[in-house]
Amino acid sequence: MTSFDTSPHLNAWRALLALAVVFVMLATTGWTAIRSQREAAPLQASLDAWTHGRLAGQRLPDPRSGPARLARFFAGLGDAQRALLAHRYPLAVGNMNGAPVELRYRANRIALRQARQVERERVHDQDLTAAGQRQAARRLNRIDALLRPGRHILALDPAGSGRVAEVFGSLRRADRISVVVPGVDTDLLTFQRTRRAHTAPVGMARALYAAEREADPGTRTAVIAWADYTAPRGLGMDAATAMRAESGALRLNALLRGLPGTAPVSLFCHSYGSVVCGLAADALPRRVADIAVAGSPGMRADRADDLRTSARVWAMRDADDWVQDVPYLEVGGLGHGTDPVSAGFGARVLSAHRAKGHSGYFVPGTDSLRNFAEIGVGAYRAVDCAHEDDTCRRGLSGTDTSGRA
């Protein structure tokens, strides 16, 4: 699932918030550090190989270099040299902010084919339990889906539960770029769903891309389904703290600084994804024009001004979203702060009419999706506010393709 889900877990959530901070740190820190290291192993191996690699007798640049430095490096190469690097170091190149996006797509297809072979072997591995073989079969099905023609995978780490990001539209030609940041229980297996498709990152991004084209056919848009952070599992300790969101915020900002061109960017952050966006806010590049949150448990801030961002901050919540019953507080690291739709927070509060439950914000026909689309194309005056007050429409002009109004 891509979000906090189902109200029966609320009592457990409240109980978690009542626990002492020391217990939280002892219970989670060591375990998550070990798991993260294990999950990152294949990607790290590719990065290590890159670090020791050479091209035409010259050392390759540090993969930790900034996107601008890496972009200059790739710009100085010929097509054959770029292709060679993608084949030698597919996971490194496929996740390298600053590398040409088309090259990243190509590298990640290579990495997916390699991951597919690994899962095919695991499906028939007699040393695995029956449950392990079934898990391998599920992962194989997901990888096969990602390898279908026309899919553009911008980031990939197939290890562990997995991380992935996909692009709809052309990043290089876009007038506006949208990034969907999902919440808990998001990984390689839940990246896409057949049933309840709009609760998964792929379904969210596809719906937003279609709605943006309907809202303004003349504006070229691109939408990124961004599940390239290690999200919390369920409503446990990780979801009650900012630990996962802190690392996610760093990864989100790295992505944004590596995007091609200068098109304005809007972030659409659902559930725990809004915690990620809140923590990323003060370091966002200037091209990020909007942060829109839906079903938020808080953004780790008391007020929108505390986010220290030049981006407009929008918030929405539908009437039957159970997240409204989560305690909006932050005490000793537990909880995520003030309710973003509350008057005191100071966000521009949007209508979510016709959205149902905690995971219904990207369903076609809802005010929530239409409002997201209007923001995504810069048609700010076309949004429907939850309340016709000065806060929602303050300083707004008409359609703004520059990212500022």
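Conventions we followed
- Residues numbered from 1 in each chain as written.
- Predicted model: local features only at pLDDT ≥ 70, side-chain atom pairs only at ≥ 80, totals over all residues.
- Heavy atoms only, no water.
- Disulfide = S-S within 2.5 Å.
- Buried < 20%, exposed > 50% of the residue type's maximum accessible area, 1.4 Å probe, protein only.
- Salt bridge = Lys/Arg side-chain N within 4 Å of Asp/Glu carboxyl O.
- 1 Å grid on protein atoms, 1.4 Å probe; cavity = no way out; pocket = protein on both sides within 12 Å on 5 of 7 lines; lining within 4 Å.
- Points joined across faces, edges and corners; volume = space filled by probe spheres on them.
- Nonpolar A, V, L, I, M, F, W, Y, C, P; charged D, E, K, R; others polar.
- Core = buried A, V, L, I, M, F, W, Y, C linked by side-chain atoms within 4.5 Å.
- Helix = DSSP H or I, 4+ residues; strand = E, 2+ residues; numbered from the N terminus.
- Polar contact = N/O pair within 3.5 Å; in protein donor to acceptor, adjacent residues only side chain to side chain.
- Phe/Tyr/Trp six-rings, centres within 6.5 Å; stacked < 30°, edge-to-face > 60°.
- Lys NZ or Arg CZ within 6 Å of the ring centre and 35° of its normal.

Taken as a whole and judged by the stated rule, the model has 2 disulfides. There is a disulfide in this structure between Cys385 and Cys392, and the S-S distance comes to 1.9 Å. One disulfide, between Cys385 and Cys392, carries an S-S torsion of -80° and so falls in the left-handed class. The same class applies to Cys385 as to Cys392, namely buried. By sequence order of its bonded cysteines, the protein chain has the disulfide arrangement 1-2, 3-4.

Right, let's get into the pattern of salt bridges. Across all of its chains, the model carries 21 salt bridges by this definition. In this structure, Asp62 engages Arg64 in a salt bridge whose closest nitrogen and oxygen atoms are separated by 3.1 Å. Among the ionic pairs, Asp305 bridges to Arg303, the shortest N-O distance being 3.7 Å. Assessed through its relative accessible area of 58%, Asp305 is described here as exposed.

Under the definition given, this model contains 1 cavity of 30 Å³ or more. Around the largest cavity, the lining residues are Val293, Ala294, Gly295, Ser296, Ala315, Met316, Arg317, Asp339, Pro340 and Val341. Tallied by class, the residues present in the lining of the largest cavity amount to 6 nonpolar, 2 polar and 2 charged.

Right, let's talk about the nonpolar core for a bit. Ranked by internal contacts, the top residues of the largest apolar core, which has 47 residues, are Leu171, Val179, Ile224, Leu252, Leu256, Leu267 and Ile291. The element contributing the most residues to this core is helix 11 (residues 243–257), with 5 residues. Listed in part, the 45 residues of the second largest apolar core include Leu43, Ala205, Leu208 and Ala227.

Let us look at unusual backbone geometry. Despite not being glycine, Arg196 has its phi angle at roughly 50°, a positive value. Locating Arg196 in the fold gives a position in the loop between strand 5 (176–181) and helix 9 (201–215). Accessibility expressed as a relative area gives 48% for Arg196, which makes it partly exposed. Look at Arg300: it is not a glycine, yet its phi comes out positive at around 60°. The topology assignment puts Arg300 in the loop between strand 8 (288–294) and strand 9 (312–316).

Take the side chain of His336 next. Considering the arrangement of structural elements, one finds His336 in the loop between strand 9 and strand 10 (348–349). Given the relative accessible area of 1%, His336 is considered buried. A distance of 2.8 Å separates the side chain of His336 from the backbone oxygen of Ala239, its partner in a polar contact.

So, about the packing of aromatic side chains. The full count for this structure, using the stated rule, is 8 aromatic pairs. On the numbers, 6.0 Å between centres and 5° between planes, the contact of Trp314 with Tyr380 is stacked. Remark: Tyr380 occurs in the loop between helix 13 (367–376) and helix 14 (390–393) and Trp314 occurs in strand 9; sequence separation between them is 66 residues. For the pair Trp314 and Tyr380, one class covers both residues: buried. Here a set of aromatic residues connected by ring pairs shows up, and it is made of Trp50, Phe73, Phe74 and Tyr89. Here the basic side chain of Arg312 rests over the ring of Tyr380, its NZ or CZ set 4.0 Å away from the ring centre.

On their own, these measurements won't tell you what the molecule is for.
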